[in-house]
Structure formats: C-alpha cells, structure tokens
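# Fold and geometry: a report
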Amino acid sequence: MKKLKILILGDSFADTSNRTYLPFVNKSWPVKLQKNYDVDNFAEAGSGLLHSVEMINRFIKIEDYDKIIFCASQFIRQRLNEATFNQAKQQIGYKHFNVTFNEKTSGNRSRIKYGRLLRNFTKYFHIDHDSKYLNYLVLKDIKERLGDKLLLLKCFDIMEPHAKQFSYNHIVDNKIALWEICEYERRIAPELLDTFKVCHLVSKHHDMLYEKIVSWIETGNFSLTKKDVITNLEQTYKDTLEWKEFIKKHPKFS
C-alpha cells in the first residue's frame, strides 16, 4: 500500500536538521512521522512566514502531497533576496534574519552588516499595523488555497490589543501557539538550555503533538488547546531525555 505523502513547512518548531547531535532527535514529531508516511520536511529554523509561502508559490507542487503541515512563523522575519544571498552566501552562511536578534553575538561581520541594515529599515519603514494585516491576509490565502489538505499551526500569537482586528485564530487549527508550550517548559526548567531540545520542546510534548497530527492525517480532526499541555512536567521534567542529556554536559545542576 502506497504511503500518504506529507509536506512539512515552517521554522524551528518543525526543523530538526539543526539538532541531529541529540541522540533523541528521532523522537521528535517530524521524524516520527517518517515511520508511516512519505515525508518531505522543508522547514528552516529562523525562517519567516513568507519563506514557507515562497516554497509553495515557487518550488513545490502542492498537488504532489496528500497532507500539508504548515507551522506559521512570524511575518516580520526576513530573508535575503536570491541575488544578495548568492553573492555572499559563503560569508553569510544563512539567509534568514530576525530583526529582534542582535547579530553582533554571531561574530560574523557579514551577518552583522545585514542585521544592521534590517534593523535600520525596520526602525524607519516598518508599520506594525500593516504587518499584522498582511500576516492575516497571507494565512487566509493559504487556508483557502490548500483547504482540507492543510493543517495550519500558529507558532506565535498576536499579543498587541490594537492588532486583534487582524486575529487569525479562526483560521489556524491550534488554540494554543506552539511558542506557549515552549514558554511553559521554560518556566518549569529555566536552566534547561534550548540546545538540548528538538524544535524547542521536550519529547513528551513531541509525543503529544505526534499523536494529534496522526489523528488529523487519518481522520481530519485536530485540536490543540491549553488543556493538552503536559502539566505533570513540573514534577517529572528531571526524568526527561532532554534533562538527562543536559546534566551530562552540566553536572552542577544535578
């Protein structure tokens, strides 16, 4: 029997390629899906919403896929255009830039240069109200175009009161943003560095997401709310694979 073909798009909440050094990367929801489905994962850590949309508009034949899992990142994240990136990719290394991240910490002169340009552009030309509206329109378009084959997951929430008129909660399929689950874990174990987690989440939350996504693939039904957050992590986080790996490198926290 031919396996269903699954497409994954998004940012670091779906990209496992930068965590292959962790022995439990195969327990993440994107990798676990590969056991029973034919999966193409084009998610890229640090990428913005428009990068994923560009993949659909220019590089991917969506008709080749039975189901599409789209983790919607931040609209404000930017990427270098092809000409600029191709000209300096050896020096830059990665085309994605986040205006909220200070590239000075990277120690890469090229990234510092382009990071500064992005911050200056944002400072003088970015209009948050317009950005929220465009973000809403993009997600609305994706939902209408891809229909039932799409699972649209928000990675972040609109927090500003003035932007609520452009809320996309009725468009996306999860009531709780993936970032909120990550933040819950951080509150419980602030010592546990993100570099010891795949897609910002511990394996128990990967298990939960995996089961829900498989249910959606097989039945079309999906629900992800605050009630699905694994609250007993407050007592059991030191038993997680992530904490045990962390302790190997940082025994002072044991």
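Since this is a predicted model, take the numbers as computed values, not measurements.

### Comments concerning the packing of helix α3 (residues 82-92) against helix α4 (residues 109-125)
It is the contact of α3 with α4, at a shortest axis distance of 8 Å, that shows an interaxial angle of 135°. The angle between α3 and α4 places the two elements in the oblique class. When α3 is examined against α4, the residues Thr-84, Gln-91 and Ile-92 are found in contact with a partner set consisting of Ser-110, Arg-111 and Tyr-114. Taken together, the residues that form the contact of α3 with α4 break down as two nonpolar, three polar and one charged.

### Side note on the pattern of salt bridges
Applying the stated criterion to the full structure yields 19 salt bridges. Here Glu-103 makes a salt bridge to Arg-111, at a shortest N to O gap of 3.1 Å. Exposure class is identical for Glu-103 and Arg-111. Each is buried. We note a salt bridge from Lys-212 to Asp-228, for which the minimum N-O separation is 3.2 Å. Placement of Lys-212 in helix α7 (residues 203-219) and of Asp-228 in the loop between α7 and α8 (233-236) is noted, with a sequence separation of 16 residues between them. Within this structure, Glu-54, Arg-58, Arg-79 and Glu-82 form a network of salt bridges that share partners.

### Quick notes on the side chain of Asp-15
For Asp-15, the position within the fold is in the loop between β1 (5-9) and α1 (29-32). Summary of buried charges: Asp-15 has no salt-bridge partner, and the nearest side chain of opposite charge, Arg-19, is 8.2 Å away. A distance of 2.6 Å separates polar atoms of two side chains, one belonging to Asp-15 and the other to Ser-17.

### So, the sheet that holds strand β2 (residues 38-41)
Spatially, four strands are ordered β2-β1-β3-β6 in an open sheet, and the strand pairing comes out parallel. Strands at the two margins of the open sheet, each flanked by one partner only, are β2 and β6 (150-154). Neighbouring strand axes in the sheet, compared pairwise and without regard to direction, differ in orientation by 15° on average. Examined bridge by bridge, strand β3 (residues 67-72) and β6 share five bridges and lie parallel to one another. Paired with Phe-70 across the strands is Leu-152, a residue of β6. Here helix α2 (residues 49-59) sits on the sheet in contact with β1 and β3, set at roughly 155° to β3. Across the sheet, α7 lies against β1, β3 and β6, angled at about 140° from β3, the strand it touches most.

Rules used throughout
- Residues numbered from 1 in each chain as written.
- Predicted model: local features only at pLDDT ≥ 70, side-chain atom pairs only at ≥ 80, totals over all residues.
- Heavy atoms only, no water.
- Axes fitted to C-alpha atoms, helices over the stretch in contact; angles between N-to-C directions.
- Helix = DSSP H or I, 4+ residues; strand = E, 2+ residues; numbered from the N terminus.
- Parallel < 35°, antiparallel > 145°, perpendicular 65-115°, else oblique.
- Contact = heavy atoms within 4.5 Å.
- Nonpolar A, V, L, I, M, F, W, Y, C, P; charged D, E, K, R; others polar.
- Salt bridge = Lys/Arg side-chain N within 4 Å of Asp/Glu carboxyl O.
- Buried < 20%, exposed > 50% of the residue type's maximum accessible area, 1.4 Å probe, protein only.
- Lys, Arg positive; Asp, Glu negative; His and termini not counted.
- Polar contact = N/O pair within 3.5 Å; in protein donor to acceptor, adjacent residues only side chain to side chain.
- Pairing = 2+ DSSP bridges.

Nothing here speaks to function; it is geometry throughout.
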